[in-house]
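Each chain, written out:
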Amino acid sequence: MMDREIVVIGAGPAGLSAALEAARAGAEVLLVDENHKPGGQLFKQIHKFFGSKDHQAGVRGIDIGVQLLEEAKELKIDVWLNAEVCGIFNQNEVWIVRDKERSVTVRAERIILATGATENAVNFPGWTLPGVMGAGAAQTMINIHRVLPGQKVLMIGSGNVGVIVSYQLLQAGADVKAVVEAAPRLGGYGVHTAKVRRAGVPFYTSHTVLEARGKDHVESAVIGRIDERWKPIPGTEIELEVDTICIAAGLTPLVELAFAAGCRPVFSPVLGGMVPVHDAAMRTSLPSLYVAGDISGVEEASTAMEEGRMAGLSAARSLGHIDDATYRIRYEAVENRLLALRSGLFGQKRRDAKEQIVSQSQG
Amino acid sequence: MNRIFEHPILGPLEDTELVRIFVDGEPVEARKGEVIAAALIATGKQYFRKTIKLQEPRGIYCGIGRCTDCVMTVNGVPNVRTCVTEVEEGMVIETQLGYGKWGRGINS
Amino acid sequence: MRTEDHKDRGLKTTGAPSREELHATEGYRLPDPDRPRPLAVIECIEGIPCNPCETACPQQAITVGEEITALPVVDMTLCNGCGLCVAACPGLAIYLKQRFYREDQSYIAFPFEYLPFPESGQAVEMVDREGRTLCEGTVLKVVINRKNDHTAVIHAAYPEKFFEEVVSIKRLPR
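As the structure is a computational prediction, the values presented were derived from the model and not from experiment.

Visitor: Help me understand the overall build of chain A, please; the structure alone is not making it clear to me.
Guide: What chain A contains, in helices and strands, is nine helices and 19 strands. Its C-alpha atoms give chain A a radius of gyration of 21 Å, within 12% of the compact-globule value 21 Å for 363 residues. Along the longest, intermediate and shortest principal axes, the C-alpha atoms of chain A span 65 × 45 × 35 Å. The 363 residues of chain A split such that 60% are buried. Residue pairs at least 24 apart in sequence account for 61% of intrachain contacts in chain A once pairs closer than 6 positions are excluded. Here chain A holds 38 positive side-chain charges and 42 negative ones, and the gap between their average locations is 4 Å.

Visitor: Honestly, the overall build of chain B in this entry has me stumped. Any pointers?
Guide: A tally of helices and strands in chain B yields one helix and eight strands. Element order for chain B, N to C, with α for helix and β for strand: β-β-α-β-β-β-β-β-β. Its C-alpha radius of gyration of 14 Å places chain B within 12% of the 13 Å reference for a compact globule of 108 residues. Here the C-alpha coordinates of chain B stretch approximately 45 × 25 × 20 Å along the principal axes. Here chain B has roughly 5500 Å² of accessible surface; of this, 49% comes from carbon and sulfur atoms. Side-chain charges in chain B split into 13 positive and 14 negative, and the spacing between the mean points of these groups amounts to 12 Å.

Visitor: How should I be thinking about the packing of helix α7 (residues 301–318) of chain A against helix α8 (residues 324–341) of chain A in this particular structure?
Guide: Axis angle and axis distance: for two packed helices, these are the angle between their axes and the distance between the axes, and together they describe the pair. Residues and elements named next belong to chain A. One way to put it is that α7 packs onto α8 with a least axis distance of 10 Å and a crossing angle of 165°. Between α7 and α8, the interaxial angle falls into the category roughly antiparallel. As α7 packs across α8, the resulting crossing turns out to be left-handed. Of the residues in α8, those touching α7 at Ser302, Thr303, Glu306, Glu307, Arg309, Met310, Leu313, Ser314 and Arg317 are Asp324, Tyr327, Arg330, Tyr331, Val334, Glu335, Arg337, Leu338 and Leu341.

Visitor: What is the right way to look at the environment of Tyr99 of chain B in this model?
Guide: With respect to the helices and strands, the residue Tyr99 of chain B is situated in the segment after β8 (96–97). Put simply, Tyr99 of chain B and Glu14 of chain B are 85 residues apart on the chain and 37 Å apart in space, counted from C-alpha to C-alpha.

Visitor: It is not clear to me how the pattern of salt bridges should be interpreted in this structure. Could you clarify?
Guide: Opposite charge on two side chains permits them to pair, given that their charged atoms come into close proximity. The final tally for this structure, using the stated rule, is 38 salt bridges over all chains. Linking Glu239 of chain A and Arg213 of chain A is a salt bridge whose minimum nitrogen-to-oxygen distance equals 3.1 Å. Placement of the pair is Glu239 of chain A in strand β14 (residues 238–240) and Arg213 of chain A in strand β12 (residues 207–213), with a sequence separation of 26 residues. Among the salt bridges present, the one from Arg3 of chain B reaches Glu34 of chain B, with a minimum N-O distance of 2.9 Å. Here Glu34 of chain B lies in the loop between β2 (26–31) and α1 (36–43) and Arg3 of chain B lies in the segment before β1 (18–23), a separation of 31 residues in the sequence. Taken as a pair, Arg3 of chain B and Glu34 of chain B share a single burial class, namely buried. The network of salt bridges with common partners includes Glu299, Glu300, Glu307, Arg342, Arg350 and Lys354 of chain A.

Visitor: Hey, could you run me through the nonpolar core in this one?
Guide: Among soluble globular proteins, nonpolar side chains are generally buried collectively. Counting residues in each nonpolar core, the largest one holds 74 residues, and the members touching the most others are Leu169 of chain A, Ile21 of chain B together with Met126 of chain C. Among the elements that make up this core, the one with the highest residue count is α1 of chain B (seven residues). Contacts of Ile21 of chain B, omitting those with residues within four sequence positions, involve Glu26, Pro27, Val28, Ala30, Ala39, Val87, Glu88, Met91 and Ile93 of chain B. Core analysis: the next-biggest nonpolar cluster, separate from the first, contains 63 residues, Leu31, Val106, Leu289 and Ala304 of chain A among them.

Visitor: Looking at this structure, how should I read helix α9 (residues 344–361) of chain A?
Guide: Since the α-helix turns once every 3.6 residues, residues separated by three or four places project in the same direction. Residues and elements named next belong to chain A. Taking 1.5 Å per residue as the helical rise, α9 with its 18 residues ought to reach 26 Å, and the 25 Å between its terminal C-alpha atoms agrees with that figure. Turning to α9, its buried residues are Phe346, Gly347, Arg350, Ala353, Lys354, Ile357 and Val358. All buried residues of α9 lie within an arc of 140° about the axis, which places them on one face of the element. The exposed set on the far side of α9, more than 90 degrees from its buried face, consists of Lys349 and Gln356.

Visitor: Explanation requested: the sheet that holds strand β4 (residues 57–58) of chain B in the structure shown.
Guide: Backbone hydrogen bonds hold the strands of a sheet together, and the pairing may be parallel or antiparallel. With mixed pairing, the three strands of this open sheet are ordered in space as β4-β3-β8 (chain B). Of all strands in the sheet, those bounded by a partner on one side alone are β4 and β8 of chain B.

Visitor: For this particular structure, what's the right way to read the interface of chain C and chain B?
Guide: Buried accessible area, meaning the area lost when the parts come together, often serves as the stated size of an interface. Contact with chain C, which involves five residues of that partner, is made by five residues of chain B. For the pairing of chain C and chain B, the buried interface totals around 440 Å² over both sides, and the portion due to carbon and sulfur atoms is 62%. Taken together, the connections running from chain C to chain B amount to zero salt bridges. Between the two partners, chain C and chain B, sit one residue pair in polar contact (both at pLDDT 80 or more).

Visitor: How should I be thinking about the side chain of Asp33 of chain A in this particular structure?
Guide: All names here are of chain A. Here Asp33 lies in the loop between β2 (29–32) and α2 (61–74). It is Lys44 that comes nearest to the buried, bridge-free Asp33 among opposite-charge side chains, at 10 Å. Beyond its immediate sequence surroundings of up to four residues, Asp33 is in contact with Gly10, Ala11, Gly12, Trp80, Leu81, Asn82 and Ala83.

Visitor: Looking at this structure, how should I read the interface of chain A and chain C?
Guide: Residue-level contacts link 39 residues of chain A with 40 residues of chain C. For the pair chain A and chain C, the summed buried surface comes to about 3200 Å²; carbon and sulfur atoms form 51% of the total. Seen at the junction of chain A and chain C, the total is three salt bridges. One salt bridge in this structure joins Arg197 of chain A and Glu130 of chain C, with 2.8 Å as the shortest N-O distance. If you look at where chain A meets chain C, you find 22 residue pairs in polar contact (both at pLDDT 80 or more). Breaking the side of chain A that touches chain C down by element, the ones donating at least two residues are α4 (160–172), α5 (190–198), β11 (203–205), α8 and α9 of chain A. With seven residues, the single largest contributor to the side of chain A that touches chain C is α5 of chain A. Of the residues that constitute the side of chain A that touches chain C, the class distribution is 18 nonpolar, 13 polar and eight charged.

Visitor: Could you clarify how one ought to interpret the pairing of β2 of chain B in this entry?
Guide: Looking down a regular strand, the side chains alternate between one sheet face and the other. All names here are of chain B. Pairing of β1 with β2, which is carried by six bridges, proceeds in the antiparallel orientation. Paired with Ile21 across the bridge in β2 is Val28. In this structure, the hairpin formed by β1 and β2 is closed by a connection of two residues, where Asp24 is found at a positive phi of approximately 50°.

Visitor: Explanation requested: α7 of chain A in the structure shown.
Guide: Residues and elements named next belong to chain A. Compared with the 26 Å implied by 1.5 Å per residue over 18 residues, the 25 Å span of α7 between its first and last C-alpha is a close match. Across the 18 residues of α7, 15 count as buried, placing the element largely inside the fold. One or two residues past the end of α7 sits Gly320, with phi positive at roughly 85°.

Visitor: I tried to follow the packing of α4 of chain A against α5 of chain A on my own but got confused; where do I start?
Guide: Residues and elements named next belong to chain A. For the pair α4 and α5, interaxial distance at closest approach is 9 Å and the crossing angle is 35°. Between α4 and α5 lies a crossing of left-handed hand. Across the interface between the two elements, Asn160, Val163, Ile164, Ser166 and Tyr167 from α4 touch His192, Thr193, Lys195 and Val196 from α5. Classifying every residue of the contact of α4 with α5 by side-chain character gives four nonpolar, four polar and one charged.

What counts, and at which threshold
- In every chain, residue numbers begin from 1 and rise along the written sequence.
- Following the order in which they are written, the chains are lettered starting with A and the ligands numbered starting with 1.
- Given that the model is predicted, a residue must reach a pLDDT of at least 70 before its local features are reported, and side-chain atom pairs must reach 80 or more before they are shown or counted; all residues, however, enter totals for whole chains, interfaces and linings.
- No hydrogens and no water enter the side-chain calculation; it runs on all heavy atoms of the structure.
- Labels follow the DSSP assignment, with helices taken as runs of H or I lasting at least four residues and strands as runs of E lasting at least two, numbered in each case from the N terminus.
- Only C-alpha atoms enter the radius of gyration; for comparison, a globular chain is expected to reach 2.2 Å times N to the power 0.38, where N is the number of residues.
- Exposed residues in this analysis have more than 50% of their type's maximum accessible area, buried residues have under 20%, and partly exposed residues fall in between, with area computed by a 1.4 Å probe over protein chains only.
- Any two residues whose heavy atoms approach within 4.5 Å at even a single point are treated as in contact.
- In this tally Asp and Glu are treated as negative and Lys and Arg as positive; neither His nor the chain ends contributes.
- Note on charges: their place is set at NZ of Lys, CZ of Arg, CG of Asp or CD of Glu.
- Where accessible areas are quoted, they stem from the Shrake-Rupley method and a 1.4 Å probe; at the residue level, only the protein chains shown are allowed to cover.
- Only the contacting stretch of a helix is used when fitting its axis, a line to C-alpha atoms as for every element, and angles between N-to-C directions run 0 to 180 degrees.
- By the definition adopted for this analysis, an angle is roughly parallel if under 35 degrees, roughly antiparallel if over 145, roughly perpendicular if from 65 to 115, and oblique otherwise.
- Handedness of a crossing is defined here by the sense of rotation of the near helix relative to the far one, left-handed for an anticlockwise turn of less than a right angle and right-handed for a clockwise turn.
- What counts as a salt bridge is simple: a side-chain nitrogen of Lys or Arg found within 4 Å of a carboxyl oxygen of Asp or Glu.
- What is meant by a nonpolar core is a set of buried Ala, Val, Leu, Ile, Met, Phe, Trp, Tyr and Cys residues, joined one to another through side-chain atoms within 4.5 Å.
- Residue count minus one, scaled by 1.5 Å, sets the expected span of a helix.
- It is the directions from the helix axis to the C-beta atoms that the arc portrays.
- A pair of strands is labelled paired if DSSP reports no fewer than 2 bridges between them.
- Summed over both partners, the accessible area (1.4 Å probe) lost when two parts come together is defined as the buried area.
- Each polar contact in these results corresponds to two N or O atoms within 3.5 Å; when the atoms are within protein, one needs to be able to donate a hydrogen and the other to accept it, and residues that are neighboring in sequence are counted only if both atoms are side-chain atoms.
- Polar here means any residue other than Ala, Val, Leu, Ile, Met, Phe, Trp, Tyr, Cys and Pro, which are nonpolar, and Asp, Glu, Lys and Arg, which are charged; Gly is therefore polar.

Listed below in structure tokens is the structure:
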């Protein structure tokens, strides 16, 4: 058994930010990730981020990722890749399987869970055909692996993931035949949908996918209109010649480790489902366990990084690495940046949802 | 060929060492360090395995190692997640039928 | 303005803002026809937290303000058409326009992130917000520089008849 002050689980934007903040405060940090490369979903975000200068607005996700990794290197943070956390026991023992062959238990004074979220599935006849995949899977293939999983794509879901990936598929050289949205209104930001529409891609609101057709692979898809009760309207079917169907139907926080460890859950429909109750300092119902990023509620990379900083800061302070005055200043700076990101047409809903979760932590 | 050689944001695809892998007995050129699924998608492979009862085709779904839809038999070991496993020189990859068999694949 | 007001054929149903939605937005202003150079036009009609346009402008011609969800407004008397905002906008929602570049030709400088880029002098198809080809245009220059971080700014001339409708070009075949 090894001892570490702070173990951060997940080296995506939230985990990296948490590790950096804690290390800067003087804590001894171990950052663990199950993948063979760090960065989580960040290196797939090849578009420029929103926000203000404080939030690195105008910088592409990939470049922010590179910056974070450089900072982690400079701070000499201990990073274990190909390391899967399989359990958390007694609120402080982290069981890790390294390289699929070695079992190690690390006793941590504080644990920060930054495990992210997973894509939701939508079932329909033919959905098991090769060519049907998560929008994130397509994004991984084009932006990380530089291969096109298909040439003619149907995108299901018009939230930010759906429209951003549609745009990125166009940039990669694919032809997006349509974006279907079950709701009567499109979900993603108007600037994202406008970019995609400008490229000639049609949006079909109040439509859903009815069937994927093909023998060994997707060859076509049938979409159709739905009524106010989400029921398909007969006679409105359209068959589209596509070889790829991407599903962008939302994300669900990856909470298994948190709940297995004993964190109290709360249901947050706006933020993706069951999430660990946490306070504004990102601490869960277990005093030694913190959360940050999509595991605590699905938002975006910018908020994930801020929550990571908050968790790293708070965990380090709880171990005495930062005095109260310094903590107060840094805490307020992060809080203000989070408030700014959680404002406006889209952000307000998330802010309200987060406040509800935090209010549960005081119960 | 489905490789993205030129990309408006990511730039040109960098040259890299190539490795030779075998897919259902046929030699395939792959890029060193890439995941098996990417190498196979680059060749346009239609499906990676077939299910045991109905022999239905399957390919990638989540793309990040969580769903196991993309598994194939690799170097005689079945149920290897091709979307998170890197290619290696001389690797033997076989389209898997059902749960696969240790030491053998569909082409046994 | 609220996009709900135009829910039938607008931003939240077709993906592109309608004429009505744009005209109902304070920040969407076309430059006066007597201005001698192309000036910034912003099609940002939803309040999201974002202000790189304000930060990028060396003339301080764009105002978002303290509340970064506020919609940007261009002061046309300060804008000199440098185009830095065109590449800086993460939403690719800004372009430069001039109604009378030549007698019957308008001018647009818009962001473009697809390959291949067109070349100077090339004839291209000018498209509207729904990607429909309206007319032919001529590329005047393609600006690519480090600061713009892979967002090319394409300058083109096109028939003045389509001044307001044209917002981009049809992507070129790879």
